[in-house]
Structures are given as C-alpha cells and as structure tokens.
Amino acid sequence: RASRRATSAGNGATPAAADSAAPSLWAGPAAAPAEPELPDTAPSGTIRDSLYDLIPLGPLEHDLLATAAFGRLQGVKQLGFVYRVWPGATHTRFEHSLGVYYLMLRGLRALLATTRGSDAAHQISRDPTDLRTALAAALLHDIGHYPFSHAIEELGYPIEPHERVGRRIIEQGAVAAALERHGLSPQRVADVIDPPRDRALPPTDTLLMRLLSGPLDVDKLDYLPRDARGCNVPYGGVDLTRLLGSIRLLDTPQGPRLGVSSKGISPLNSLLHARQEMFDNVYW
C-alpha cells in the first residue's frame, strides 16, 4: 500500500482521461496508427519528471512502479556518498530508472521511424512484445542496486554485481508476476539487463540490449545530465534530441549494429566528452 501511495501521490503519477482516444504524448509522425502500440500512443497515466516533464505510462509500467522492489529505489541515492561533497546530489535510482525508460521509448520511436519502409534486414523489430521487453528492461535495469549504489558493489567479492541481484528480483515475486500478467517473460527481460554467459541472446534482443547498455545507450544519456544538474556542474550537457534522432541501424561484418548518421557524430562526441568530464570531476 505504501508503495502504491508513493507512486500515485508522492511522485506525481496521474491517471489519464478515460477516453480511449487520448491524444499521443509523442509529438511526431512516429505515433501514426500503423506503428506498434506503446505507452505513449494512448497513455493510461503520466508521471512528471524534473528533466523531461511528462513521462507516459502504460498499465505494465504502473504495475511495475507499484511493486515494493521498485519503490525501494526511492531510498537508493543515484550517486552514493557524492552528496557529502555536492549536497544537491540526492536524486535517486527511482527517478533515473524512469528517465532511462523514457529515453528507451524515444530511442525505439526514432528507430521505428528511420527504418520504416526498409527491408527486413534493415528494420528494428516491430513486434510489440519485443519492444515492450526492451522498455521493461530499461525501467528495471537498476532494480538490484545496493544502498549507496556503487559504493558497496565496488567492494568486490563476495558482493555480487547489481545486475545479477536484479535478475533474481525480476525472475521471481511481484515483479515477475507483473511482467507475466502483461505477456512478458521475466527471464527474457532479465537477459537483456544481465546477458547470460552460457547461451546466446536472440538477434533482436542483442540489438535492443545495446540501446540499453553500450557506447551509445539511454542509460548514460539520462545519468550524465541528471547527475550534472544534481551536482550543479557544467559537464553533462548532451543534445538528446539530435543524438536520438540520428540513431540508425547499420550493416557491419558482424551483422546489424546501432550507429549514428553523420549528423550524430558531433553530439556523440559531446556525449563521450561529457562522460569523461563527469568521471574526472565528480564520479572519481
């Protein structure tokens, strides 16, 4: 009950209008009816975020936010003990997880738009189950974090990586039940976050995993500006709109890979520079 109260009241989550024809929160042609239905097509609710204003939520996202395991992230500081140096850095893994979910949604929309009309080898999956698996993985990617975030994890053995702890949370209990109610496989969601070492992921999941964790991923696209703002430092600026709009599915000798168009090279360089500056001046 406490978790539900925190989600519906303390974090600004609001129910959408009952009208099933609610306008899309996605401003652009990617929300056309021909596209797979995602939470921004007809949101069942929204949550107000300090970086992105309104984040659209669907029934799955509401159910995951209502679990005690996800609500626990409200008590996990994103930057651990950094707030002892920068007092404003008290933001949490809860809001970061919401931000990563939202940027995953934007990234998927951008890829759906840029690959529309291409042959099958040059398209991102349009299967709603594939896309919703990626969104669930983005929302849950930090659910196994310890108190004070990496400060405990970096103690090393016998402390397990937070991804492995997250797998156990995702594959059992209330989180697994919520995923299954919405037709998703808990193991598959966990695999996108914590890739198994004894078996290969399906090609679709391998591609979507790189959007969550890779050289250009929605995780760092959220934490860099969010952390920079919390610490009030000028290092984390990233041109999100231009960078997400430049993401492409490219051919490589190893198969399809995520990349950027020529217009994305400059904002990608800015992202890598912002990351280095944040490590040099804040994280270390």
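The structure displayed is predicted, hence computed values, not measured ones.

(A) Quick peek at the overall build of the protein. Helices and strands together make up the secondary structure of the protein, namely 13 helices and five strands. Taken over 284 residues, the protein has a buried fraction of 50%. Accessible area for the protein stands at about 13300 Å²; split by element, carbon and sulfur atoms hold 55% of it.

(B) Focus on helix 8 (residues 173-181). Looking only at helix 8, the buried set comprises Val175, Ala176, Ala178 and Leu179. For helix 8, the angular spread of the buried residues around the axis is 160 degrees, confining them to a single face. Exposed residues lying more than 90 degrees from the buried face of helix 8 are Gly173, Glu180 and Arg181. Phi turns positive one or two residues past the end of helix 8, at glycine 183, with a value near 80 degrees.

(C) A look at the environment of threonine 90. Locating threonine 90 in the fold gives a position in the loop between helix 3 (68-71) and helix 4 (93-115). Separated by 13 residues in the primary sequence, threonine 90 and lysine 77 have C-alpha atoms spaced 5.9 Å apart. In this structure, threonine 90 is in contact with Lys77 and Tyr83, ignoring residues within four places of it in sequence.

(D) Broad picture of the pattern of salt bridges. Taken as a whole and assessed by the stated rule, the structure comprises 17 salt bridges. The salt bridge partner of aspartate 191 is arginine 199, with a shortest N-O separation of 2.8 Å. Aspartate 191 sits in the buried class, given a relative accessible area of 5%. With a closest N to O distance of 4.0 Å, arginine 197 and aspartate 194 form a salt bridge.

(E) Inspection of the layout of surface pockets at higher detail. Approximately 840 Å³ is the volume attributed to the largest pocket. Together, 34 residues line the largest pocket, and Arg93, His145, His150, His162 and Tyr223 are the ones closest to its centre. Those elements giving two or more residues to the lining of the largest pocket turn out to be helix 4, helix 6 (150-153), helix 7 (162-171), helix 9 (186-193), helix 10 (203-212), helix 11 (218-231) and helix 13 (265-283). Top contributing element to the lining of the largest pocket by residue count: helix 11, with four residues.

(F) How the structure looks around the packing of aromatic side chains. By the definition in use, this model includes six aromatic pairs. Ring centres 4.9 Å apart and planes at 80 degrees place the aromatic pair phenylalanine 279 and tyrosine 283 in the edge-to-face group. Of this pair, phenylalanine 279 and tyrosine 283 are both found in helix 13, four residues apart, which corresponds to roughly one turn of the helix. Here the aromatic residues Tyr223, Phe279, Tyr283 and Trp284 are joined through ring pairs into a cluster of three or more. Its guanidinium or amino end placed over the ring of tyrosine 83, lysine 77 lies 4.7 Å from that ring's centre, counting from NZ or CZ.

Each value, and the rule that gives it
- Residues numbered from 1 in each chain as written.
- Predicted model: local features only at pLDDT ≥ 70, side-chain atom pairs only at ≥ 80, totals over all residues.
- Heavy atoms only, no water.
- Helix = DSSP H or I, 4+ residues; strand = E, 2+ residues; numbered from the N terminus.
- Buried < 20%, exposed > 50% of the residue type's maximum accessible area, 1.4 Å probe, protein only.
- Areas by Shrake-Rupley, 256 points an atom, 1.4 Å probe, with all protein chains shown as cover.
- Arc of directions from axis to C-beta.
- Contact = heavy atoms within 4.5 Å.
- Salt bridge = Lys/Arg side-chain N within 4 Å of Asp/Glu carboxyl O.
- 1 Å grid on protein atoms, 1.4 Å probe; cavity = no way out; pocket = protein on both sides within 12 Å on 5 of 7 lines; lining within 4 Å.
- Points joined across faces, edges and corners; volume = space filled by probe spheres on them.
- Phe/Tyr/Trp six-rings, centres within 6.5 Å; stacked < 30°, edge-to-face > 60°.
- Lys NZ or Arg CZ within 6 Å of the ring centre and 35° of its normal.

In short, geometric facts, not functional conclusions.
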